[in-house]
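Residue-level listing of the chains:
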Amino acid sequence: MSRIDDYRRVAGPGAVDFVLRLAEQVQGRRVLHVTGGRLGSGAAETLRATVPILAELGIDTRWETTGGDAGYYATARALQAALEGAERGPSEEGLARWADMNRLNGKKLDLGADLISVHDSQPASLVSARNDGRWVWRCHVDCSGARADTWTSFRQFADQFDAAVFPLTGFESRLDIPMFVVPPSIDPFAERNRDLTPREITEILGGLGVARDKPLLVQIGPFARAHDPLGVVDAYRLVKQHHDVRLALAGTADDGPEQLELLTRLREIARDDPDVVVLELPAEAHRQINALQRAATIVLQKSLRAWFDLGPAEAMWKGKPVVGGYTGGLAQQIIPNVTGYTVHSIEGAAFRIRHLLNNPELIPRMGAAGREHVRRSFLITRQLADELALAIHLLR
Amino acid sequence: MRTAAHPLRFAGCVELRQTLDVHAHDERELMSRIAEVPADSVYFHTFGYFLRHHPLTTAYGNDFARWAALEIGDRALAERLAVVDPFAFPRLDALRDHLVAILGDHLQRHAVGGRLEFDRAFHFQRSHIVEVPLGLGAATLAEFRAGLARVDESAIYLHTVETRVRARRAEAFPTWLRDGLGMPELAERFERVDPYLTTLERVRGRLLGFVDEALEDGRG
């Protein structure tokens, strides 16, 4: 577990002292975070790092989770998907049972705090049991295209909060409460981002079967159409006509028919081309992803819809230029011509990759700029400052 | 050595952003929305730009010009908006009127392009500035120099940009130099520093240069 002083080694000058000064204004206050679980989500990963640090800073910080039966989880998943724009939403009966189950959760949990942050949709209806304190709904996804009927049902709970927080402006749907923006961040000491020795990288890549005898293009991301892995293969093929490169596609795949079909197609491509490596990894394969990003010559994130995927920030922290789609949080992370390029097409991705490979002096220059950009804008110290500022503002 | 009537307390700041659920999908909507949004939002997208702009980012001068360049792809409009120096306007409403006039004039000469998708629209925001006392004070010019050299970059923004336009607990550097330390000439030099199209670190460098000259001349 990292302590706040550890971040002095990696954060910008004065950043840690700044957080300490901010924390003085929240010391003695009780902060509670509630999530739907302790694993898997980006929110949970961030809380694993920030909750102990906030406690170390003298802020009484707790983290609770809600739970229920299989129907509860199924409705919560359907609700979350519908808020992200899925075609099918949860049934009225399912939502009623979900709310009932959260009423039970509310009776079991100690919800006494000055500031209660409820993350994502699963625990959101706990707000109906609110008593003291200021309540904040933390939405970590893009709700701007939420199913209208689901949003109408969900909004009866969301509007009971004192405020909502989104990762990016434009991710919100209509609410009657103030809506703040706090972008996510990466933890440089997490397994996914911590320094690895050259030997560790070689060993991990050996274990994954990725040779390092030619420039390596890497895309990390779920095997889903939103992340366009087939488009990445097409871009690689355009590049391959001029440069002898290798492509590694690594990520998770759920068991939906579309994802399985996509993965099958990618495996066929990899069978026919030894320079295409397809790696289906478990969600907890942070060390492997870390090594792949560090071994990459160029990191790709050619997503068509990317919410606030922090892949570019992780890669830039490792000193890699990023060629990414112009969507969601990707466009916020990549500074065109400085830390990489944002592209709108397969051809655009191939053009930028070739440009970097033909001008190799740009690769370390952009990599260094990317690391500085992340140090300033996407490290956990910046998010801690934002979180504390939010608490100060709401508890005034 | 002069000692100030009251010490300067250095403070930094965090900009807590609030999205207003007000959006513009083309130039015409941008013009109408700029005319309607709260003054705080006009401030956020113009003066507030200086807190977010840093050496790695491309200088567009304000968020409206950046959007016109990157999303609308209208370079002429982007240039006309970029050249608007917010410090040249005595009040936010005058700045707002000028931006609306530029857009109105541009729309008379050029057809509006297609409407953008929501994710590329201009999303209006405002901010809440949370001040952060940094535990550093200065009662003399030498102490002021030491603090100025080491404070967080956001303190340069708070004491030079934010306090110039909006009332804050933090004291503007020129106010303290004039009223606290009795150095009106140095205060005037500070007031003439133009943060437009530069970075806060460069502003810090210029201010330090003025203080060093004053110290060398024995005026401190």
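Residues numbered from 1 in each chain as written. Chains lettered and ligands numbered in written order. Predicted model: local features only at pLDDT ≥ 70, side-chain atom pairs only at ≥ 80, totals over all residues. Heavy atoms only, no water.

> Which parts of the structure should I look at to understand the sheet that holds strand β6 (residues 179–181) of chain A?
The pairing of strands in a sheet happens through backbone hydrogen bonds and is either parallel or antiparallel. Strand order across the open sheet formed by eight strands is β2(A)-β1(A)-β3(A)-β4(A)-β5(A)-β6(A)-β1(B)-β2(B), with mixed pairing between neighbours. In this open sheet, the two edge strands, each paired with only one partner strand, are β2 (60–65) of chain A together with β2 (122–138) of chain B. Within the sheet, the average angular offset between the axes of one strand and its neighbour, ignoring direction, is 25 degrees. Pairing of strand β1 (residues 30–35) of chain A with strand β3 (residues 115–119) of chain A involves four bridges; the strand directions are parallel. Counterpart to Val 34 of chain A in the pairing with β3 of chain A is Val 118 of chain A. Across the sheet, helix α2 (residues 42–56) of chain A lies against β1, β2 and β3 of chain A, angled at about 150 degrees from β2 of chain A, the strand it touches most. This element, helix α7 (residues 141–150) of chain B, spans β1 (8–24) and β2 of chain B of the sheet and lies at about 140 degrees to β2 of chain B. (Pairing = 2+ DSSP bridges. Helix = DSSP H or I, 4+ residues; strand = E, 2+ residues; numbered from the N terminus. Axes fitted to C-alpha atoms, helices over the stretch in contact; angles between N-to-C directions. Contact = heavy atoms within 4.5 Å.)

> Is there a simple way to think about unusual backbone geometry in this case?
For residues that are not glycine, phi is negative in most cases, and the peptide bond is trans in most cases. Residues and elements named next belong to chain A. Of note in this structure, Asp 120 is not a glycine but carries a positive phi near 60 degrees. Relative to the elements of secondary structure, Asp 120 occurs in the loop between β3 and β4 (134–138). On the accessibility criterion, Asp 120 (15% relative accessible area) is buried. A positive phi is found at Asp 228, a non-glycine position, where the angle reads about 50 degrees. With respect to the helices, strands and loops of the structure, Asp 228 is situated in the loop between β7 (216–220) and α7 (229–240). (Buried < 20%, exposed > 50% of the residue type's maximum accessible area, 1.4 Å probe, protein only.)

> Where do I start with the side chain of Asp 309 of chain A in this structure?
All names here are of chain A. Topologically, Asp 309 is positioned in the loop between β10 (298–301) and α10 (311–317). No salt bridge forms around the buried Asp 309; measuring N to O, its nearest opposite-charge neighbour Arg 192 is 6.2 Å away. Here Gly 311 takes part through its backbone nitrogen, which lies 2.7 Å from a polar atom of the side chain of Asp 309. Ignoring sequence-local partners within four residues, the contact set of Asp 309 consists of His 227, Gln 301, Leu 330 and Gln 333. (Lys, Arg positive; Asp, Glu negative; His and termini not counted. Salt bridge = Lys/Arg side-chain N within 4 Å of Asp/Glu carboxyl O. Polar contact = N/O pair within 3.5 Å; in protein donor to acceptor, adjacent residues only side chain to side chain.)

> Please explain the packing of aromatic side chains as it appears in this structure.
A ring pair, where both rings are aromatic, is described by two values, the distance of the centres and the angle of the planes. Counted according to the given criterion, the structure contains 24 aromatic pairs over all chains. An angle of 50 degrees between the planes, with centres 4.9 Å apart, marks the rings of Tyr 7 of chain A and Phe 189 of chain A as tilted. In this pair, Tyr 7 of chain A is assigned in the segment before α1 (15–24) and Phe 189 of chain A in the loop between β6 and α6 (198–208), connecting sequence segments 182 residues apart. For Tyr 7 of chain A, a relative accessible area of 1% gives the class buried. By relative accessible area, which is 23% here, Phe 189 of chain A ends up partly exposed. Note on Phe 122 of chain B and Phe 124 of chain B: the rings are 4.8 Å apart at their centroids and 65 degrees apart in plane angle, and the pair reads as edge-to-face. By relative accessible area, Phe 122 of chain B is classed as buried at 4%. A relative accessible area of 0% places Phe 124 of chain B in the buried class. Taken together, Phe 10, Phe 144, Phe 173, Trp 176, Phe 190 and Phe 210 of chain B form an aromatic cluster joined through their ring pairs. (Phe/Tyr/Trp six-rings, centres within 6.5 Å; stacked < 30°, edge-to-face > 60°.)

> Looking at this structure, I do not really get the packing of helix α10 (residues 184–192) of chain B against helix α11 (residues 200–216) of chain B. What am I missing?
Two packed helices can be described by the angle between their axes and the distance between those axes. Residues and elements named next belong to chain B. It is the contact of α10 with α11, at a shortest axis distance of 10 Å, that shows an interaxial angle of 160 degrees. Accordingly, the angle class assigned to the pair α10 and α11 is roughly antiparallel. Judged by the sense of rotation from one axis to the other, the crossing of α10 with α11 is right-handed. Across from Leu 186, Arg 189 and Phe 190 in α10, the residues of α11 making contact are Leu 207, Phe 210, Val 211, Glu 213 and Ala 214. Taken together, the residues of the contact of α10 with α11 sort by class into six nonpolar, no polar and two charged. (Parallel < 35°, antiparallel > 145°, perpendicular 65-115°, else oblique. Left-handed = near helix turned anticlockwise from the far one by under 90°. Nonpolar A, V, L, I, M, F, W, Y, C, P; charged D, E, K, R; others polar.)

> Is there a simple way to explain the interface of chain A and chain B in this structure?
Accessible area lost upon the coming together of the parts serves often as the stated size of an interface. Residue-level contacts link 28 residues of chain A with 30 residues of chain B. Carbon and sulfur atoms make up 59% of the area that chain A and chain B hide from each other, which totals about 2,600 Å². Among the residues of chain A in contact with chain B, Phe 18, Tyr 326 and Arg 376 of chain A are the three that bury the most area, contributing 22% of the side total. At the junction of chain A with chain B, the criterion picks out nine residue pairs in polar contact (both at pLDDT 80 or more). Where the side of chain A that touches chain B is concerned, the elements lending two or more residues are α1, β6, α13 (362–377) and α14 (380–395) of chain A. Here the element with the most residues in the side of chain A that touches chain B is α14 of chain A; it accounts for six residues. Of the residues in the side of chain A that touches chain B, the class split is 14 nonpolar, seven polar and seven charged. Looking at chain direction, β6 of chain A and β1 of chain B are connected through three bridges and run antiparallel. Each residue of the ladder has a partner; that of Phe 180 of chain A, found in β1 of chain B, is Gln 18 of chain B. (Buried area = accessible area lost by both parts, 1.4 Å probe.)

> Can you help me understand the domain arrangement of chain B in this one?
Residue and element names in this part refer to chain B. Taken domain by domain, chain B consists of domain 1 (8–13 + 134–216) and domain 2 (20–125). Using only C-alpha atoms to locate each centre, domain 1 and domain 2 end up separated by 29 Å. Taken residue by residue, the interface counts 15 residues in domain 1 and 18 residues in domain 2. Both sides together, the interface formed by domain 1 and domain 2 hides about 1,400 Å², and carbon and sulfur atoms give 70% of it. Seen at the junction of domain 1 and domain 2, the total is one salt bridge. For the salt bridge of Arg 166 with Asp 40, the shortest nitrogen-to-oxygen distance reads 3.2 Å. Scanning the region where domain 1 abuts domain 2 turns up three residue pairs in polar contact (both at pLDDT 80 or more). Element by element, the count of residues in the side of domain 1 that touches domain 2 is highest for helix α8 (residues 153–165), at six residues. Of the residues assigned to the side of domain 1 that touches domain 2, the class counts are eight nonpolar, three polar and four charged. (Domains from an automatic or database assignment.)

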